[in-house]
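Working through the structure, step by step
Read off the chains here:
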Amino acid sequence: MTSTTRLTVAQALVRFLTAQHTERDGERRRLISATWGIFGHGNVAGIGQALVEYAADMPYHQGRNEQAMVHAAVGYARQSGRLSTHAVTTSIGPGATNLVTGAALATVNRLPVLLLPGDVFAARPADPVLQQLEVPYAGDVSVNDSLRPVSRYFDRITRPEALMPSALQAVRVLTDPVETGAVTLALPQDVQAEAYDWPEEFFAERVWTVRRPQADPAELAAAVGAVRVARRPLVIAGGGVHHSRAEAALAAFAEATRVPVAVTQAGKGALRWDHPQDVGGVGHTGTATADELARTADLVIGVGTRYTDFTTASGTLFENPDVRFLNLNIAAFDGHKLAGLPLVADARDTLRALTGTLTEHGYRVADSYVAEYTEDKERWEQRVDACYEAEEPDIRPTQPQVLGALDEIVDESDIVVNAAGSLPGDLHKLWRTRSRDQYHLEYGYSCMGYEIPAAIGVKLAAPDRPVWALVGDGTYLMMPTEIVTAVQEGVAIKLLLVQNHGYASIGGLSESVGGERFGTAYRFPAGDGTHTGAPLPVDLAANAASLGMRVLRAKTVRDLRAALAEARAADTPTCVYVETQTADTVSGAPPAQAWWDVPVAETATRSSAVKARELYERQVSTRRRHL
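Now for a quick tour of the structure. (Residues numbered from 1 in each chain as written. Predicted model: local features only at pLDDT ≥ 70, side-chain atom pairs only at ≥ 80, totals over all residues. Heavy atoms only, no water.)

1. Some points on the packing of aromatic side chains
For the coordinates displayed, the defined rule picks out 12 aromatic pairs. Geometrically, the ring pair formed by Tyr 307 and Phe 325 is edge-to-face, given 6.1 Å between the ring centres and 85 degrees between the ring planes. Of this pair, Tyr 307 sits in the loop between strand E15 (299–303) and helix H12 (309–312) while Phe 325 sits in strand E16 (residues 324–329), and the two are 18 residues apart along the sequence. Measuring from centroid to centroid gives 5.2 Å for Phe 318 and Phe 325, while their planes differ by 80 degrees, and the two rings are edge-to-face. For the pair Phe 318 and Phe 325, a shared accessibility class is recorded, and that class is buried. What links up through ring pairs into an aromatic cluster is the set Phe 16, Tyr 196, Trp 198, Phe 202 and Phe 203. Positioned above the aromatic ring of Tyr 439 is the side chain of Lys 268, whose terminal nitrogen or guanidinium carbon lies 5.2 Å from the ring centre. (Phe/Tyr/Trp six-rings, centres within 6.5 Å; stacked < 30°, edge-to-face > 60°. Helix = DSSP H or I, 4+ residues; strand = E, 2+ residues; numbered from the N terminus. Buried < 20%, exposed > 50% of the residue type's maximum accessible area, 1.4 Å probe, protein only. Lys NZ or Arg CZ within 6 Å of the ring centre and 35° of its normal.)

In structure tokens:
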């Protein structure tokens, strides 16, 4: 006779989650290592009570914003190599809908997170309940259905026994290297508190192997053939390199073949910045070195990349009429992009196989090609030095000089977190990545507000390493709330807060497309419908201090260097606040080395828009469809 245990649905779910583990290459991790939660009537008596019941087995973190809790879980998951993540529980109504942005971010970036929003009564004893959205044409729809398109798996648990197959499917998706992303189990508040006799087998410890699919022999042979005839090949390394832990395999491939390696935002750090084959970021925010190689490449070897528009310069980057694509990706969906040769397999093991076979055939690119990209890389690094250099240390820094000051004090143990604004472009071009996981930039969704909560998640996953959240004033104002969480739990993140009085990145883009920077500055109205008056008298440093953070104000480059060093040594959450020298320009970094398609008004009376449209039409005419 099967033994059973009588528990509520919420208690059973929490107990089940404590018994789930992942394993890859002999490394075993607990899948759900903690739960974030903000409680309301939709989850306080269910999941909330269950977390109290199992407090010794399931750590709990108190959040201030539901979206931020997802960001923290995502940061933890990425730093954990997708082998471990967090769950996030919310009440119904706004608590649940606040999850949508975070869920989209997780799914776009293919990072696992488990979402447990409360839901309206399954039995409908009172209809509607507080915060319920009534849909006249469908009685089974709630606001949680907004999570369906941004989740890789979604289910609503309307009966206790339905939890068992659903929970197993949820974990299957979370641990699948192809399918992973946000997983949502919507939990009606009455069902959460309902008791059921659960078979003990449901709570048995399970270890989910994170697969490394091997290459099909025919695809591998075709890939080898494509590389062997290439004279100007270029690797574009994406986030899949990190997800596979393929950094060493990529380095071995590059060293054996001498093929240069460019990186996407997600792939940066695949090679150290000073590796002989590293040529830096590629695409709209890339380096001149990588983008020129991309324009002349006869074979582009994409490794774990989705080929976003920033990477391909909106389809204008790869100019060689004979260019071909070889796409090594664990997901067939990405492996077939740009009409490329698909090599659908694990990145690490397949790179090793490619390296071995190509070495047997004696394949290496020509000395002249190596000399070309090496010399170009040296010239680019001289440009980086010029951007970082501060000849006058007693004046306010430019944004690149802020990065240069940080570059001076970090080592390979530091982790830099960023997501949106003008900083991603500067970082992709300029930052000298010293380790495989130093560069943590979320650019799949480029979500303002990600940095501070994600840094908390990263720090929880890497407690012995310095973790920096690089934040502009626009991003800071989106979501400073989790500073309170960092202070409460003693998570010693370092916040580098850059004040440039507005949406600097979009301001520059607006100017380039004829928008005249309208609505992008944080300034008083000027009386003509624009916000071009004096800067707002906000004090973001005081705001961070009011939330409990230690704040170091830096007025000059010299001050900044001292403050950064002090913050790095701090064992409490610490903010370095600096106002940059250029309040109305993007950053002073090298301009974009490749185009990005942002459509410009086809008709306009203002000269700025007319000129921008003329340039746009010239650029868009160079787009190619690789078929």
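2. Topic: the environment of Thr 520
With respect to the secondary-structure elements, Thr 520 resides in the loop between helix H21 (504–512) and helix H22 (540–546). On the basis of relative accessibility, which here comes to 8%, the residue Thr 520 falls in the buried class. Between the C-alpha atoms of Thr 520 and Glu 389, which are 131 residues apart in sequence, the distance is 28 Å. Once you skip the residues sitting within four places of it in the chain, Thr 520 turns out to touch Gly 502, Tyr 503, Ile 506, Gly 507 and Ser 510. At 2.8 Å, the side chain of Thr 520 and the backbone oxygen of Arg 517 are in polar contact. (Contact = heavy atoms within 4.5 Å. Polar contact = N/O pair within 3.5 Å; in protein donor to acceptor, adjacent residues only side chain to side chain.)

3. With respect to helix H5 (residues 99–108)
Of all the 10 residues making up H5, seven are buried; the element is thus mostly covered by neighbouring parts of the structure. Among the residues making up H5, those that are buried are Leu 99, Gly 102, Ala 103, Ala 104, Leu 105, Ala 106 and Thr 107. Lining the buried residues of H5 we find helix H3 (66–79), strand E6 (85–90), helix H4 (94–97), strand E7 (113–119) and strand E9 (182–188). Phi for Arg 110, located one or two positions after H5, is positive at around 55 degrees.

4. Concerning unusual backbone geometry
For the peptide bond that leads from Asp 127 to Pro 128, omega is 15 degrees, which places it in the cis range. Structurally, the position occupied by Pro 128 is in the loop between E7 and strand E8 (153–156). Look at Arg 110: it is not a glycine, yet its phi comes out positive at around 55 degrees. Considering the arrangement of structural elements, one finds Arg 110 in the loop between H5 and E7. Note on Arg 110: relative accessible area 23%, which makes it partly exposed.

5. Here's the deal with the packing of helix H11 (residues 288–296) against helix H15 (residues 367–388)
Where H11 meets H15, the axes come as close as 8 Å, and the angle between the chain directions of the two elements is 145 degrees. Residues Ala 288, Thr 289 and Leu 293 of H11 form the contact with H15, whose participating residues are Tyr 369, Glu 372, Tyr 373, Asp 376, Lys 377, Trp 380 and Arg 383. (Axes fitted to C-alpha atoms, helices over the stretch in contact; angles between N-to-C directions.)

6. Describing the pairing of strand E22 (residues 550–554)
Pairing of E22 with strand E23 (residues 574–579), which is carried by five bridges, proceeds in the parallel orientation. Bridge assignment links Arg 553 to a residue of E23, and that residue is Tyr 577. At this point the chain moves from E22, through helix H23 (residues 557–569), to the parallel E23, and the crossover so formed is right-handed. (Pairing = 2+ DSSP bridges. Right-handed = clockwise from strand over helix to strand, strands pointing away.)

7. Here we look at the pattern of salt bridges
The tally for this structure, following the rule as stated, stands at 40 salt bridges. In this structure, Asp 119 engages Arg 156 in a salt bridge whose closest nitrogen and oxygen atoms are separated by 2.7 Å. Of the two residues, Asp 119 is situated in strand E7 and Arg 156 in strand E8; the sequence distance between them amounts to 37 residues. Residue Asp 119 shares its accessibility class with Arg 156, and that shared class is buried. Between Arg 432 and Asp 385 there is a salt bridge, and its shortest N-O distance comes to 2.8 Å. Residue Arg 432 is found in the loop between helix H17 (423–430) and strand E19 (439–441), and its partner Asp 385 is found in helix H15; the two are separated by 47 residues along the sequence. (Salt bridge = Lys/Arg side-chain N within 4 Å of Asp/Glu carboxyl O.)

8. Some thoughts on the sheet that holds strand E17 (residues 341–344)
Here six strands make up an open sheet; going across it, the order is E14-E13-E12-E15-E16-E17 and the pairing parallel. Of all strands in the sheet, those bounded by a partner on one side alone are strand E14 (278–281) and E17. Between one strand axis and the next, the sheet turns by 20 degrees as a mean value, whatever way the strands run. Contacts from helix H8 (residues 217–228) reach E15, E16 and E17, with the element oriented near 130 degrees to E17. Of the strands in this sheet, strand E12 (233–237), strand E13 (261–263) and E15 are in contact with helix H10 (residues 247–257), which crosses E12 at around 170 degrees.

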